[in-house]
Each structure stands twice: as structure tokens, then as C-alpha cells.
Amino acid sequence: MRNPLAAASPSPAAVPAPADHRVGGRLAALGRACFRHRRWVLAFWALVLAAGVLIGGRVFEGTVAGGGSGGSEAARGTAAVQAADPVKGTVTAVVDGSPVTDEKVRAAVTAATAEISHLPGVVSVADAYSGTPGMAAADGRASLVAVRMADASTPAQLDAVTERLDAIDAAGTHVTVGGDLVLEQEVKAQTEKDTRFGEIVTLPLTLIVMVLVFGGLAAAGLPGIGAIASVGGALLAMFGFSRIMDIDTSVLPIATVLGLGLSIDYALLMVNRFREERGHGATVAQAVERTAATAGRTVAFSGLTVAVALSGLFVFTSPVFRAVGVAGVSVVVIAAAAALTLVPALLGFVGRRIKAPTEPVPDEGFFSRTVRRVQKRALPVMLICVALLTAAGAPFLGAHPRSSGADVLPKSFASRQVADTVAQRFPEQAAAPITVVVKSDQKTAQAYADDVVAGLPGVAGVRAVTPVGDGLTTVDVLVKGDPQGAQAKKVVGELRDHRGGLTTYVTGDAASVADFQHEVATRGPWALGLVAFGTLVLLFLMTGSVVMPVKALLMNLLSLGASLGALTMVFQHGWFSGLLGFTPSGGLETFVPVLVFAFAFGLSMDYEVFLLARIKELYDQGHGCTRSVQLGLQRSGKIITSAALLMVIVFAGFAAGQMLMVKQMGIALAVAVAVDATLVRCLLVPAAMSLAGEFNWWAPAPLRRLHRKIGLSEHVELPPLGARAVLPGQRAEAEQVGVEAEVEAEQVALAR
């Protein structure tokens, strides 16, 4: 008996040729070119990935741990001390467990210090038996060994010193080796481990989610491949920047997590649109072209908005801000480039294996029903959302900035243990909260300390006046209360107002925090203005409205406030600290809120662009404002929530690491994305757009004329697919029978 489907199945010759219409625009042309030359595009990105993998381990070699505020007084004072006393840092060992007076302990320590003093790279060695004050604990059962390393000392020389200190052996003693040089080593090593851990954990989890979203491995694998290639490119970029500027160690995981998340989001958007076009009956070549013209445009705008948000960091003078800005912008560019070039090329290889939807995305569903419910109660919904977001952000008003030292690491790390022990049992050797660098000899500096410093309110005493070089002396100042609290910062201001007729630099942790706050207070408004202006311009270019960009800006600020409020409650007040595995420090790292603002603002705009682009496309097709919002969220809601879920997984994977600063960034950004993709995009945006109605698209007449002249912002007109469109149910058999003819037709179309 003849199979009835055979009559309905087209023969190879019956497969119609693609429509003889190309999609206009540069992005469509780029998609066609990448599809046509897909082998070359894939080879290029393979080389980028290989180079990134080969130098990946070397990226961390060029980083520096910690960073001060650029041209601040604290930074200048620190630089002056380093120039006068060219010591790279100190290795400190705590010898604990037996009386310091024990002869066996004394013999073991002095033997070790004698050997260490002759090792290459060692400037000096001090211990409890060399006459240096404060090297023995008050209880007499622990002592310190401090080794100062030369500025030109190598990692191998540092390892030799730490190995010899570890080898101190006396009955009943336990040796722990730390110090600022060991801390720097441990921070770099742990940052690299956290970065690798985040990548290893998040990529498989995101792949599982994408398989569930797309229903197939071929489509799910493309975002992962794009993300891996983007990370390789990001490593290359950061390696290059680390050779021409100081890159803080903490910048690397931040840039990596941003690149990973954005790459997945952008590729997800491209693949989803490709499946939609295939569902409408497009050939692979047509679907790639149309995807590049529509989703590619969204990716390009999104990349620009995220880059603009990060460019606000260039307004600040602090090296860490500028390093993150440089790394972040380069990573965004690479992620967008991978989505616009690598993904179309990969679609050319596996496009036929990607399962297309059996029917178009329905106009009615969960998201459209949600929007209709919101539109019926638009004002109450908007007021409730604003109230919730405002309340969530309120705790940030009481945030305390802090400059972290060894407490960036968990207590299990040796450098953290040594720092805690020195602070508790060797107060004379602990770093003073305030250090005044005086350009004078020791006698003059002592007189300044006695006459000026000791008499200031809030000063608990002067611990030491130490010459560090020719005509340069440091004065260690102790303060009452919290070493980085309000009282300490007030003392910093008093010392800068009363210099005793001398040239002085007030440095130390309290001064660094004060300088950071001053920089944020003076330059922050300019940075915010730059970001706001750039964002408003870009969204105007996309929508042609001045109302939509302003509303988007306000909504993003609300979701950003909620993220910063959560950050304060978790890391300052200790909520869920046991679950997250850290000890609260009583405040937030000084530069973290600024970085969270830049990154979270950019990511929020990322989803804003995703949604507005689809709403604008529908509005330009003739749908009214109300219906455009319903259809826009219905057709993009799944992809936005899926992208947000993937981004949350990425951030949570990095937040599971050990580094406190990276953990803070991960939690804050995960909260920002989750809030933005749910409360803001699904409720607040529809409510606000419903209340505004057609006013959403308003712009003054001169700006409307300007918008009409800018081709980049115009809506992409997609030509009809023509006779090629086949019913979804027929596609599998049609393509099975006519694949050779379709390939030939695609090649003919591309050659035209």
C-alpha cells in the first residue's frame, strides 16, 4: 500500500527556491558573510580560544593585589614611602605554642633567621631575640619573625624564605607563615581558582538549562561555544592590558563573569530568533540573515548600552575603576562580536540540526495574560513595585565602606590567620589605622607628633615615629573606636587641616577609605551623568522616544537600589553569612558599590533593550501600544527569563568562591538580574507603559526629524519569505528529501 505521506512530500526538485529578496542593512550583510565564510570565521575564533587558553594562566602573573585611589593623598604618601624604602613587602611568621624563653625555641628561631638573612632578595630579618620591640606576645607563648624582601626579589626567592620559615622546628611549636607578600600570593592563587571553579560549575549548568529551553542539544550548545570563545578573547584582551597598566587581581573574575554571562545571553537571543525564523519556513541561510538583522541589531544596541554603563568608570581616577572599565568594555565588545560573527557561522554548520518550533510562538500565553492583568490594575501595580524596590534599597543608605586586608580571604588561609593573630596578640606590630608621612628628619617629626598629632580629639596615641629614608619619616597614629569608622576618618581630616607647617601625607586604611568616599562624592555625579546621557541617547536612537529612555533609566535605578540593599544586608549585617561561607566585616569593600552600579546598570539595560526592541518591532508593524506590550512580552518573556536564569547561575557560581570581593559582586549582580527580569520587566514596565499609552513614543518634533535621519535606529523591514514557507509539520520530511536542492538554492541566493 502506498504511503499517503509520499504524495504530500515534495520531491527534491519541488523544493522552492528562496525568495529573491535580501534583508537590507550592515548587520544582515555581516550575517550573510559569516554564513558564507563560516569555516574561516570558525578558524579565527578557534585561534582566539587557543591563544586565550595558552596565556590564561599568565594573565594572573601581570596583576597586582589591591589598589588605592589614583592621585589621592593616601596614594601619594604610600608611593613616597615606597620610593624612599624600596622594599617589596614582608613575610611574617608566627611561632606559637611554647614559651618564647624556651632555649630550644630560641635556638630554632635564631638558626632560621641566620640562614634567611643570607638568602637572595632578603633585606632584613627581625625576631623576638634581636631586640626589636613588640615581637613577643604579651602572654609570652608566641613570637614573630619578620622578613623584609627587596623590591627586585623574585617569586622563587620568596618561596625559599617561606619554606625555611615553615621548617622552624621546636618541641610544642606551630609555625604559620603570612604577611603581605604571602597574602598577595594567596589572593592571586585563590582568585584564579575561583575563576576556574566558576567556569567549570556554571557552563554545565547553563547547558542543562538551555537544553530545557530549546529542547535539543544542538541549539543549546551554541551559546556555550560562543561563551567559551568569548572568554578566550577576554583573557587575551586582559593579558594585553596587564602589560601596559596595573590590573587588580579582582578584575579578572569580574570581567570573566561578565563576558560569560553576556556571551550566553547574546547567543541565546540569536539562536532563539533563528528558531523562530525557521519556524516561519525560512531556509538556514534566510534564517541566519534575518536573525542577524533583527536579533543582531538588539545585540549591538545591548552591547553599546552595557559599554556605556561601564565607561562611567573612566571618570574616576582610582586604578581599580579604570582597570575594570577597560577590561569590562573590551569583554563586552568581544561578547557582542562573538554573537554577531561566530554564532551565524556555527548556525551554518548545525542549523539544520536545530529543532525548529512546530508552530509559531502563540500570541496568547502566560506572559500576555500577565500583562493584561497588570494593565487592568496598572497604577496599583506600579506603586506597589516602586514601594517594594525602594524598601529593598533602603538598607544601602546605612552602608559602611571598608578597605579590606587579609579579611578578603576566609579564616582557613595562612595569611588571614597571621593577620588576625598579629592584630590580637601583637598590637605593636599591627598596621596603624593612620600613618602620617612627614618630609623631615626624625627629630622634627617627633616634635610634630608631640605638639600636633597627640593633641587632636579622637587620637588615642602615637605608637612610633620611624625614619624610612633620607628626609622622610612615618608617624603611626592610633585612634579611638573603629579603625575605619567615622571617628577615624574625622581624625584624617583633622591631620590634613593641621600639618604643623610641614609637608605631610596622611595615609593608612582610614585615609584610603576617606579618599575613596571623596572621589565617589566628587566624580560620581559626573560618572552618573555620563552613563545616563549615553543611555538616553542610545535608547532614543532605538525607539525614537524621549519618554521610554527616561522611564527605563528610573526603573533601572530602582532595581539597582534593591541590589545594593541586599548587598548591605548580607555582607554588612551578616544575613546568610553561614550559608554563603564568610565572616561579615561590618561593611562593604570601598569600590564594590561603584562596580555593582556600573555592571548592574549595564545588565539591566541589557534586558531593557531585549524587551523594548521587540515591543518597538511590533509597534512599527501597526499594533497599538497596549497590544505591542502584550505581544512583546509574550514573544520575548521566555527568552528574557531564560537569559536571566542563566546569568543568575553564572553569578552564583562565582559567588560560591572564596574571595570576599568576588562573592560580593556575584551576589549583588545575581540579585540585580533576578529582580530586573521578574519584578521590573514583567510587572513594572508593562504597568508604566500602560499608564503612558501612546505618550510612550512621544518626542519633540526636532528630535523626531533627527531620528528619521539616523538609519541605525530604523526598524528592520523583513521581506516576505514567499513560496518557500512550508508547514512546520512538513519540514522534517521535506528537508530529508530535498536537502541537496535546498543547499544549492542557498548557495545561489548567497552568490547573488
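Residues numbered from 1 in each chain as written. Predicted model: local features only at pLDDT ≥ 70, side-chain atom pairs only at ≥ 80, totals over all residues. Heavy atoms only, no water.

A.B. asks: Would you explain the overall build of the chain in this entry?
C.D. replies: Each helix and strand counted, the chain has 24 helices and twelve strands in total. Within the chain, the fraction of its 752 residues that count as buried is 54%. For the chain, the accessible area works out to roughly 30600 Å², and carbon and sulfur atoms hold 62% of it. (Helix = DSSP H or I, 4+ residues; strand = E, 2+ residues; numbered from the N terminus. Buried < 20%, exposed > 50% of the residue type's maximum accessible area, 1.4 Å probe, protein only. Areas by Shrake-Rupley, 256 points an atom, 1.4 Å probe, with all protein chains shown as cover.)

A.B. asks: Could you clarify how one ought to interpret helix H11 (residues 319-350) in this entry?
C.D. replies: Three or four residues apart is the spacing at which side chains of an α-helix point the same way, because the helix has 3.6 residues per turn. Along its 32 residues, H11 runs 44 Å from first to last C-alpha, staying within 8% of the 46 Å computed at 1.5 Å per residue. At Ala338, H11 shows its maximal kink, close to 30°. Counting buried positions over the 32 residues of H11 gives 25, a clear majority of the element. (Expected span 1.5 Å × (residues − 1). Bend = angle between axes of the 7 residues up to and from the residue.)

A.B. asks: Please clarify how the packing of aromatic side chains should be interpreted in this entry.
C.D. replies: Within a pair of aromatic rings, the relevant descriptors are the distance that separates the centres and the angle that separates the planes. By the definition in use, this model includes eleven aromatic pairs. With 6.3 Å between their ring centres and 45° between their planes, Phe516 and Phe591 make a pair best called tilted. Residue Phe516 is located in helix H17 (residues 509-543), and its partner Phe591 is located in the loop between strand E12 (588-589) and helix H20 (592-620); the two are separated by 75 residues in the primary sequence. The pair formed by Phe516 and Phe591 is uniform in burial state, with each residue classed as buried. With a centroid separation of 6.5 Å and 90° between ring planes, the pair formed by Trp575 and Phe576 is classed as edge-to-face. On the basis of relative accessibility, which here comes to 47%, the residue Trp575 falls in the partly exposed class. Among the aromatic residues, ring-to-ring pairing joins Phe316, Phe321, Phe516 and Phe591 into one connected group. A cation over a ring is seen here: Arg38 above Phe35, with NZ or CZ 4.5 Å from the ring centre. Across the ring face of Phe349, the terminal group of Arg38 is positioned such that the distance to the ring centre comes to 5.8 Å. (Phe/Tyr/Trp six-rings, centres within 6.5 Å; stacked < 30°, edge-to-face > 60°. Lys NZ or Arg CZ within 6 Å of the ring centre and 35° of its normal.)

A.B. asks: Explain a nonpolar patch on the surface to me, please; I cannot follow it from the model alone.
C.D. replies: On the surface, Leu528, Val550, Leu554 and Leu557 cluster together into a nonpolar patch covering about 320 Å² of accessible area. Tracing the chain through its elements places Leu557 in helix H18 (residues 547-571). Taking the relative accessible area as the measure of exposure, Leu557 reaches 35% and is therefore partly exposed. (Patch = residues over 30% accessible without salt bridge, like charges linked within 9 Å, V, L, I, M, F, W, Y side chains within 5 Å. Salt bridge = Lys/Arg side-chain N within 4 Å of Asp/Glu carboxyl O.)

A.B. asks: Could you clarify how one ought to interpret the nonpolar core in this entry?
C.D. replies: Generally speaking, a soluble globular protein has its nonpolar side chains buried in company with each other. Counting 157 residues, the largest nonpolar core has Leu262, Tyr266, Phe321, Val596, Phe599 and Met665 as the members making the most contacts within it. For this core, the element with the highest residue contribution is helix H22 (residues 660-692), accounting for 19 residues. With residues up to four places along the chain from it excluded, the contact list for Leu262 reads Val306, Val332, Ala335, Leu603, Asp606 and Met647. If you look at the next biggest cluster of nonpolar residues, it comprises 23 residues, including Ala93, Val105, Val122 and Ile168. (Core = buried A, V, L, I, M, F, W, Y, C linked by side-chain atoms within 4.5 Å. Contact = heavy atoms within 4.5 Å.)

A.B. asks: Quick question: what am I supposed to make of the packing of H17 against H20 here?
C.D. replies: Between two packed helices, the angle of one axis relative to the other and the distance separating the axes together describe the packing. Remark: H17 packs on H20, axes separated minimally by 11 Å, with the N-to-C direction vectors making an angle of 10°. One way to sum up the angle between H17 and H20 is to call them roughly parallel. Here Val520, Leu528, Val531, Thr535, Leu539, Met542 and Thr543 of H17 lie close against H20, whose contacting residues are Val594, Phe597, Phe601, Met605, Val609, Leu612, Ala613 and Lys616. (Axes fitted to C-alpha atoms, helices over the stretch in contact; angles between N-to-C directions. Parallel < 35°, antiparallel > 145°, perpendicular 65-115°, else oblique.)

A.B. asks: What am I meant to see in helix H7 (residues 180-214) here?
C.D. replies: A rise of 1.5 Å per residue sets the reference length of H7, with its 35 residues, at 51 Å; its end C-alpha atoms lie 49 Å apart and thus fit the reference within 8%. Immediately downstream of H7, the backbone of Gly215 shows phi near 75°, a positive value.

A.B. asks: Just checking my understanding: could you explain the sheet that holds strand E4 (residues 142-150) for this structure?
C.D. replies: Strands belonging to one sheet form pairs held by backbone hydrogen bonds; the direction of such a pair is parallel or antiparallel. Reading across the sheet, the four strands line up as E3-E4-E2-E5 and stay open at both edges, with antiparallel pairing between neighbours. Either end of the sheet is taken by a strand with one partner, and the two such strands are strand E3 (122-127) and strand E5 (174-178). Between one strand and the next, the sheet's axes are offset by a mean angle of 15°, whatever the strand orientation. By the bridge criterion, nine bridges tie strand E2 (residues 87-96) to E4 in an arrangement that is antiparallel. Residue pairing in the sheet places Val94 in a bridge with Leu144 of E4. Relative to the sheet, helix H6 (residues 155-166) contacts E2, E3, E4 and E5, its axis offset from that of E4 by approximately 165°. Packed onto the sheet, H7 meets E2, E4 and E5 and runs at close to 95° relative to E2. (Pairing = 2+ DSSP bridges.)

A.B. asks: Can you help me understand the pairing of strand E10 (residues 472-479) in this one?
C.D. replies: If a strand is regular, its side chains alternate between the two faces of the sheet. With seven of its eight residues buried, E10 lies for the most part within the structure. Relative to E10, strand E9 (residues 459-469) runs antiparallel, the two sharing eight bridges. Residue pairing for E10: Val462 is matched across the bridge by Val477. Hairpin remark: E9 followed by E10, antiparallel, with two residues in the connecting loop; positive phi at Gly471, about 75°.

A.B. asks: Is there a simple way to explain unusual backbone geometry in this structure?
C.D. replies: Peptide bonds are mostly trans, and most non-glycine residues show a negative phi. Look at Phe576: it is not a glycine, yet its phi comes out positive at around 60°. Tracing the backbone through its elements, the reader meets Phe576 in the loop between H18 and helix H19 (577-580). Judged by relative accessible area, which is 55%, Phe576 ranks as exposed.

A.B. asks: Help me understand the sheet that holds strand E11 (residues 504-507), please; the structure alone is not making it clear to me.
C.D. replies: Across the sheet, four strands lie side by side as E9-E10-E8-E11; this open sheet has antiparallel pairing. The outermost strands of the open sheet, each flanked by one partner alone, are E9 and E11. Pairwise comparison of adjacent strand axes, ignoring direction, gives a mean angle of 20° for this sheet. Pairing analysis gives four bridges linking strand E8 (residues 434-438) to E11, with the strands arranged antiparallel. The residue of E11 that forms the bridge with Val436 is Val506.

A.B. asks: In this structure, what is going on with the packing of H7 against helix H8 (residues 217-242)? I would like to understand it.
C.D. replies: It is at 7 Å that the axes of H7 and H8 come closest, and there the two elements cross at 150°. Put simply, H7 runs roughly antiparallel to H8. Considering the relative orientation of H7 and H8, their crossing is right-handed. In this structure, H7 uses Glu199, Leu203, Leu207, Met210, Val211 and Phe214 to contact H8, whose residues at the interface are Leu217, Ala219, Ala220, Gly221, Pro223, Gly224, Ile228 and Val231. Residues of the contact of H7 with H8, tallied by class, amount to eleven nonpolar, two polar and one charged. (Left-handed = near helix turned anticlockwise from the far one by under 90°. Nonpolar A, V, L, I, M, F, W, Y, C, P; charged D, E, K, R; others polar.)

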